[in-house]
Amino acid sequence: MTAYITTPIFYVNAEPHLGHAYSTIVADTYARFKRLCGEDVRFQTGTDEHGDKIVQAAESAGESPQEYVDRISRMFSDAWPHLDIEPDNFIRTTDADHKENVQRILQQVYDQGDIYFSEYEGLYCKGCERFLTEKELQDGKCPDHLTEPDRISEQNYFFRMSKYQEWLVDHINANPDFITPERYKNEMLSFLSDPLEDLCISRPTSRLTWGIPLPFDDRFVTYVWFDALINYLTGLGYPDDEKFSTYWPVAEHVIAKDILKPHAIFWPTMLKAMGLEPYQKLHVHGYWNIGDTKMSKSLGNVVRPRAMVDEYGVDAVRYFLLRDMSFGLDSGYNSEAVVARQNSDLANDLGNLFSRSLTMVGKFEDGKVPPCGTMGKLDLALQESCADMLATYRDEMEHFRFHRALQAVWKVVSKANKYIVENAPWELAKDEANQEQLHTVFYTLLETLRILQVVVSPIMPATARKMAAGLGVDHSDTLEIAGQWGGLKPGTAIQKPEQLFPRLEKKKDAPRPAKTKDRQKPKGPEQQLEGIITFEDFGNVELKVAEITGAEVIKKSDRLLKLTVKAPEVRTIVAGIAEHYSPEELIGRQVIIVANLKPATLMGVQSEGMVLAAKDGKRLVLASLSDTVAPGSRVA
Ligand code: MSP
């Protein structure tokens, strides 16, 4: 099996930021996952170096366009190794073979009559570097750049995109996975319900010279999108290289929603005109926002991935990005959320599990993998949850639902932590008669860690390497083989554990006190009606989405569970739901909490909020959302 995964090629008018890093980490993770599945994978990224924007950026940097693109492109290729991103190919649209390829394709499409010369008057957005239709404007402005487009009239070359509209609609309908998540497929189908215009594919050299000259008319250069999209073919040595025949049939592109139309409309129709099969899948993600605004260079609100790596470490960054964004939806970035993930999921849950397990094996098993005896109920349950997790993990990773794959993995992490408490190996070790059981507990635990190491490797390669070294295993096996229970050989030496993640000291957000001033105002007539509240009253209640990361029974109470939740700060909440939910089934769930409730102590545990649930006769059912959202999202 083969796989070909690409990122957008990024404009070199800005240094790499977290948004670029996200798409590239997604593609890298997917490439590593596919390799883990035993596939022959090619992963490509690169830079898009022609067009108006580049010329302007070079001018303001006081450099020639070529000097400028060389310098910024290097910033991208130099940044990726710091994020453990390992592309097989880094393509630049100023590469000679790419320029030749674009010209060859233009000539072919021109010769067959799918490119024609015509006069065009339209609304041109400099930011998008394309003509916009009236329908696309919002209040007369480009919705992405919030600027009014210029009315331009000029002669240009056009690609007969409209000719392929019907074919494209049929193709999208016949291939449900062609554009995912589904919302983006629907958006494109709705766009295609109106007649498609032909695509202007040239720019007169009187206006722009930094581009690839049209092979049939040197008064024009190629429109940047017609040039850029072809990178996906050039990188495979199209048309003659065998890489093209190997990888093109399995091409999958990762992009954000900003460039959906060029990828979902221009590109497949261009391919069709060239006589090629379209790509297999387009994976579209949302934006990383700061507050409510998209992170972007033009708005000056960017987070630099290198600075994040210096502060948190590469794996904490990769984990955070994949865990905190539901692929397809927008997500808000804030440093508290990164720290919360690092401290709870990584340092506390996985890091602790690894270090305490290996330390105990050092102490009670002479630092070696023990033989596994007869497995009891608890051991078999942990083994089974590893098998269940592997099936879920594979499916979620295949479908770009990385956050869900990680949720499934972390369920096993918490089960394994709980398994240690339930088995209390330090107690078992006190009696020689428990030897076999003690061996079995450690074997089960080490096997679980070995499997965890395998599944986290696409997301956190460095952590997986540290874990593998500690467990004395190499990780060259495929997921199929490595996922089978029993891979650890008894007698293998276990290393002293290396700390996987440091705990970061940062104050957690204190729960916000309720605003009380409005309550003291004299009540108006409608407020005196019993049970009626005002908007302001409701606004005083802070409802948030929280994810349950830990749950345990509170001793001496039949009713209460102690929950650890992320919202995104970590909190403890005591909930009276023990008769309705077991701790295990709660891990990973998203619930709605009242976040600004005055803390209260129940059975000696301080509770920082309340979980919402519906009472249906004797049943108590937790309130939830119809889709996963970023922990901490406000419920309004
Ligand atoms: N050069 C074109 C793409 C050509 S592909 C044939 C381009 N470049 S870009 O530099 O503007 O990159 C856009 C891409 O960067 C997005 O599609 C996404 O992959 C990534 N992101 C940029 N900002 C982002 C966020 N704030 N959030 C998530 N991804 C973001 O368009």
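Worth saying up front: this structure is predicted, and the values here are computed from it rather than measured. (Residues numbered from 1 in each chain as written. Predicted model: local features only at pLDDT ≥ 70, side-chain atom pairs only at ≥ 80, totals over all residues. Heavy atoms only, no water.)

**Description of the overall build of the protein chain**
As a reminder, the rule being used: Note on conventions: DSSP H or I runs of at least 4 residues are helices, E runs of at least 2 residues are strands, and numbering of each starts at the N terminus. Whether two residues are in contact is decided by their heavy atoms, any of which lying within 4.5 Å being enough. Computed with a 1.4 Å probe, the accessible areas rest on the Shrake-Rupley method; for each residue, only the protein chains presented here act as cover.
Counting its secondary structure elements, the protein chain contains 22 helices and 25 strands. Here the C-alpha coordinates of the protein chain stretch approximately 90 × 80 × 50 Å along the principal axes. Excluding contacts between residues fewer than 6 apart, the proportion of contacts in the protein chain whose partners are at least 24 apart in sequence is 75%. In the structure as shown, the protein chain presents an accessible area of about 28300 Å², 49% of it carried by carbon and sulfur atoms.

**Some thoughts on the site of the ligand**
Note the cut-off: In this text, near means that some heavy atom of the residue lies within 4 Å of the molecule or strand in question. We define a polar contact as two N or O atoms separated by no more than 3.5 Å, with the added condition that, inside protein, one atom must be a possible hydrogen donor and the other a possible acceptor, whereas residues neighbouring each other in sequence contribute only through side-chain atom pairs. Note on residue classes: Ala, Val, Leu, Ile, Met, Phe, Trp, Tyr, Cys and Pro are nonpolar, Asp, Glu, Lys and Arg are charged, and everything else, Gly too, is polar.
Contacts to the ligand come from 24 residues, most closely from Ile9, Ser23, Asp48, Asp258 and Trp288. Contact between the ligand and alanine 256: an oxygen atom at 3.0 Å from a main-chain N or O atom of the residue. Looking at the shell around the ligand, the elements that each hand over two or more residues are β1 (2-11), α1 (18-36), α7 (224-229) and α8 (231-234). Here the element with the most residues in the shell around the ligand is β1; it accounts for four residues. When the residues that make up the shell around the ligand are grouped by side-chain class, the tally is 13 nonpolar, eight polar and three charged.

**Considering the pattern of salt bridges**
As a reminder, the rule being used: We count a salt bridge whenever a side-chain nitrogen from Lys or Arg sits within 4 Å of a carboxyl oxygen from Asp or Glu. Each residue is assigned to one of three classes by its accessible area relative to the maximum for its type, calculated with a 1.4 Å probe on protein chains only: buried under 20%, partly exposed between the two thresholds, exposed over 50%.
This model, assessed by the stated rule, comprises 36 salt bridges. Of the charged contacts, one joins arginine 35 and aspartate 88 as a salt bridge, the two residues approaching to 3.0 Å between their closest N and O atoms. On the criterion of sequence distance, the pair formed by arginine 35 in helix α1 and aspartate 88 in the loop between α3 (65-82) and β3 (89-92) is long-range, its members being 53 residues apart. A relative accessible area of 38% means that aspartate 88 is categorised as partly exposed. Each member of the salt-bridge network shares a partner with another, and the members are Asp28, Arg32, Glu86 and Arg318.

**Focus: the pairing of strand β6 (residues 150-159)**
Successive side chains on a regular strand alternate, one facing one side of the sheet and the next facing the other. Where we set the bar: Two strands pair under a simple rule: DSSP has to find at least two bridges between them.
Bridge count between strand β4 (residues 115-125) and β6: ten bridges; the pairing is antiparallel. By the bridge assignment for β6, isoleucine 115 is matched with phenylalanine 159. Where β6 and strand β8 (residues 199-200) come together, two bridges link them in antiparallel fashion. Of the residues in β8, the one forming a bridge with phenylalanine 158 is cysteine 200.

**Structural notes on the domain arrangement of the protein chain**
By convention, interface size is frequently given as the accessible area that disappears when the constituent parts associate. So the rule is basically this: Domains are outlined according to an automatic or database domain assignment.
Under the domain assignment, the protein chain is made up of domain 1 (2-324), domain 2 (336-482) and domain 3 (525-622). Using only C-alpha atoms to locate each centre, domain 1 and domain 3 end up separated by 45 Å.

**Things to note about the packing of helix α17 (residues 435-456) against helix α18 (residues 461-471)**
Selection criterion: Between N-to-C directions, angles span 0 to 180 degrees; the directions come from axes that are lines fitted to C-alpha atoms, helices contributing only their stretch in contact. Orientation labels follow simple angle bins: below 35 degrees gives roughly parallel, above 145 gives roughly antiparallel, 65 to 115 gives roughly perpendicular, and whatever is left gives oblique. The sense of a crossing depends on the near helix, which, turned anticlockwise from the far helix by less than a right angle, makes the crossing left-handed and, turned clockwise, makes it right-handed.
Between α17 and α18, whose axes approach to 9 Å, the crossing angle comes to 150°. The pairing of α17 with α18 is recorded here as roughly antiparallel in orientation. As α17 runs across α18, the sense of the crossing is left-handed. Taken together, the residues of α18 that come into contact with α17 (itself represented by Leu446, Leu449, Arg450, Leu452, Gln453 and Val456) are Ala464, Met467, Ala468 and Leu471. The residue makeup of the contact of α17 with α18, split by class, is eight nonpolar, one polar and one charged.

**Considerations on the packing of helix α13 (residues 335-364) against α17**
Interhelical geometry of α13 versus α17 gives an angle of 140° and a closest axis separation of 11 Å. By the angle between their axes, α13 is oblique relative to α17. Crossing handedness for the pair α13 and α17: left-handed. Touching Leu350, Leu353, Phe354, Ser357, Leu358, Met360, Val361 and Phe364 of α13 are Leu438, Phe442, Leu445, Leu446, Leu449 and Leu452, all from α17. Class assignment of the residues belonging to the contact of α13 with α17 gives a composition of 13 nonpolar, one polar and no charged.

**Let's talk about unusual backbone geometry**
The omega torsion across tyrosine 238 and proline 239 is 5°, close enough to zero to call that bond cis. Tracing the backbone shows proline 239 in the loop between α8 and α9 (242-247). Going from alanine 567 to proline 568, the amide bond is cis rather than trans, its omega being -10°. Within the element layout of this structure, proline 568 appears in the loop between β18 (561-566) and β19 (570-575). In this model, aspartate 84 sits at a positive phi of 60°, which is unusual for a non-glycine residue.

**A look at the sheet that holds strand β11 (residues 217-222)**
Ordered in space as β9-β11-β10, the three strands form an open sheet in which the pairing is antiparallel. For this open sheet the edge positions go to β9 (202-204) and β10 (213-214), each flanked by a neighbour on one side alone.

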